[in-house]
Amino acid sequence: MSQPDVIVIGGGIAGVATAYQLARHGHRVTLLERGELAGEASGVNAGSIDATGWGRAPDLQVHLTTGSLELFQALQGDEGHDIELRSSGYLQAIHTEAQLAWARERVRDLTARGHSAELLDASAARKLEPELNPDLPGYVHYPERAQADPVKATRAFAEAAIRRSARVLTGREVRGLRRDGRSWRVEAGEETLAADALVLAAGPWCAALGAMLGLDIPIVPVRGQMWATAPLPARVGHVVGSSESVMYWQGAPGGDAATPPFLTHRGSTRVIRHLYGRQTREGAIIFGGDRQLAGFDKTPDATGIVVNREHAAEVLPFLHDVPIARTWAGLMPFPLDGKPLIGRLPGHEQLYIVGGLASSGFGRGPMAGKLVADLIHTGAPHPVLAAADPARCVRPRRR
Ligand SMILES: Cc1cc2nc3c(=O)[nH]c(=O)nc-3n(C[C@H](O)[C@H](O)[C@H](O)COP(=O)(O)OP(=O)(O)OC[C@H]3O[C@@H](n4cnc5c(N)ncnc54)[C@H](O)[C@@H]3O)c2cc1C
């Protein structure tokens, strides 16, 4: 029986980023993934990376976004992995006068705090992205936002971890967890592994792992879905989205004891449209946006795809004439209170979680992994982790 310092469960972006940072610190680390690396949300997302710069008083969100962007840059630049990272910027469409007033206020607030964002009229935005709809009232330009290939990026973090002596084992489903004296015992496939510390990085399956430990971890699966055109010549350079949902959620986030905030649907009823997309290096235009509770069902909802395509074509009119070549869906790990869970889990020694990264975990996962790895290494949480402390919401399971 081997005994690494740390076992990480989950081969998505959160798990591989954690394993990489632990290996950089010199820990012996084993990552266990039940399927393939990037086999779930971390491999099927849009690859959009949120960032507005560090600003003057960086909070948790700024650390997760801008900090992760720097880690992606190091992965591609210093570690030499081609992850298709581009500092493309992001253009967020404004459809109405109410959204224009909201966007003006948002840009004022962000820039006052030292972040980068600017409000453009359609003609200025079309100088950056010529296919944008000239008839919309404006666009918010976020110059620091970026994009990368999610599968390549997730696998690259794993490869970088392996180069620093981490063990990454795929096809190993964790079926049992227990604390035995000063060690964790982890049943995975035919093997039982032992480690001093354990990190849960299993996306929406963190709740199932928590149940093995008698913990109620309030993270639920939310279906996100996307569609893609066939490869086209280069036509869209930025990540492109819409302010419609962002403004709506600011006023009415929604959510209750069983439903996370920031969804596009209540049950089967749509409450708002949401939109993000980009053109990949191989030329496909990919868009998505819906966030709906559907258990662990990963079947795309055809009606939602039609609504999303209409929304995309309002922003990029040429999309009216381009057929959809394929659709897919994945499961986003949404925390019920809308805030990530990064840190120590209560009630057990040497037990950590990096989870609940919701709809933007690709862009926030690298720094989330670094923050939890640094905590394990130093024993002291970074001050921004107070906002992600799992103790606020994780409870013993009722029998
Ligand atoms: C359609 C869609 C579009 C998205 N677009 C974006 C975007 O543009 N930008 C962005 O930042 N985010 C986006 N997201 C969100 C992002 O993909 C997720 O937040 C992120 O990938 C979550 O990463 P994770 O590592 O926490 O979880 P996951 O990727 O789900 O990884 C968890 C892993 O744990 C493994 N696992 C589970 N149980 C076990 C077990 N018992 N034993 C061993 N292994 C186990 C799973 O197989 C899985 O590989 C999108 C998501 C979707 C679905």
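Predicted model only: the values in this text are computed from it and were never measured.

A.B. asks: Just checking my understanding: could you explain the sheet that holds strand 12 (residues 197–200) for this structure?
C.D. replies: Hydrogen bonding along the main chain pairs the strands of a sheet, whether they run parallel or antiparallel. Taking strand neighbours across the sheet as the criterion, the 6 strands line up as 8-2-1-12-22-21 in an open arrangement whose pairing is mixed. Looking along the sheet, the strands with just one partner apiece sit at the ends: strand 8 (167–169) and strand 21 (341–344). Recorded for the sheet is a direction-independent mean angle of 15° between the axes of neighbouring strands. As defined by bridge partners, strand 12 adjoins strand 22 (residues 351–355) across 3 bridges and the pair is classed as parallel. Note that in strand 22 the partner of Val199 across the bridge is Tyr352. Sheet contacts for helix 1 (residues 13–24): strand 1 (6–9), strand 2 (29–32), strand 12 and strand 22; angle to strand 2, the most-contacted strand, approximately 170°.

A.B. asks: What exactly am I supposed to notice about the sheet that holds strand 19 (residues 285–292) here?
C.D. replies: Taken in spatial order, the 8 strands of this open sheet run 5-6-4-15-18-19-14-20, and their pairing is mixed. The open sheet has two edge strands, strand 5 (118–120) and strand 20 (326–335), and neither has a second partner. Strand-to-strand, the axes of this sheet are offset by a mean angle of 25°, without reference to chain direction. Note: strand 5 against strand 6 (residues 138–142), 3 bridges, orientation antiparallel. Of the residues in strand 6, the one forming a bridge with Leu120 is Tyr139. On top of the sheet, helix 9 (residues 302–315) reaches strand 4 (90–94), strand 6, strand 14 (219–228), strand 15 (239–242), strand 19 and strand 20; it is set at about 60° to strand 14, its chief contact.

A.B. asks: Please clarify how the pattern of salt bridges should be interpreted in this entry.
C.D. replies: One side chain can pair with another of opposite charge once the charged atoms of both are near each other. On inspection of all chains with the given rule, the structure shows 21 salt bridges. Taking the shortest distance from any N to any O, the salt bridge between Arg185 and Asp180 comes out at 3.7 Å. Taking relative accessible area as the criterion, Asp180 reaches 36% and is therefore assigned partly exposed. The residue Arg273 makes a salt bridge to Glu244 at a minimum N-O spacing of 2.8 Å. Of this pair, Arg273 sits in the loop between strand 17 (269–270) and strand 18 (276–279) while Glu244 sits in helix 8 (residues 244–251), and the two are 29 residues apart along the sequence. For the pair Arg273 and Glu244, a shared accessibility class is recorded, and that class is buried.

A.B. asks: I would appreciate a short explanation of the layout of surface pockets in the present structure.
C.D. replies: Rolling a probe over the atoms, with the probe sized like a water molecule, indicates the empty space that remains. Here the second largest pocket defines a volume of roughly 270 Å³. Forming the walls of the second largest pocket are 15 residues, and the residues nearest its centre are Asp149, Thr280, Ile286, Arg326 and Trp328. Where the lining of the second largest pocket is concerned, the elements lending two or more residues are helix 2 (41–44), helix 6 (150–163) and strand 20. Here the residues of the lining of the second largest pocket sort into 6 nonpolar, 3 polar and 6 charged.

Calculation notes
- Numbers given to residues run from 1 along each chain, matching the order in which its sequence is written.
- A pLDDT threshold of at least 70 governs which residues receive local features in this predicted model, and a stricter bar of 80 or more applies before side-chain atom pairs are shown or counted, although totals over entire chains, interfaces and linings include all residues.
- Each side-chain value is worked out from all heavy atoms of the structure, with water and hydrogens disregarded.
- By the convention used here, strands pair only if DSSP detects at least 2 bridges between them.
- Strands here are runs of E lasting at least two residues and helices are runs of H or I lasting at least four, both read from the DSSP assignment and numbered beginning at the N terminus.
- For helices, the axis comes from a line fit to the C-alpha atoms of the stretch in contact; other axes are also lines fit to C-alpha atoms, and the angle between any two N-to-C directions lies between 0 and 180 degrees.
- The contact definition used throughout considers only heavy atoms, calling two residues in contact when any of these lie within 4.5 Å.
- Take a side-chain nitrogen of Lys or Arg and a carboxyl oxygen of Asp or Glu: if they are within 4 Å of each other, that pair is a salt bridge.
- Note on classification: 1.4 Å probe, protein chains only; a residue is buried when its accessible area is under 20% of the maximum for its type, exposed when over 50%, partly exposed between these limits.
- Every definition here rests on a 1 Å grid over the protein atoms only: cavities are sets of points where a 1.4 Å probe fits but cannot get out, pockets are open sets enclosed by protein on both sides within 12 Å along at least five of seven lines, and lining residues have some atom within 4 Å of a point.
- Grid points are joined across faces, edges and corners, and a volume is the space filled by probe spheres set on the points.
- Each residue gets one label: Ala, Val, Leu, Ile, Met, Phe, Trp, Tyr, Cys and Pro are nonpolar, Asp, Glu, Lys and Arg are charged, and the others, such as Gly, are polar.

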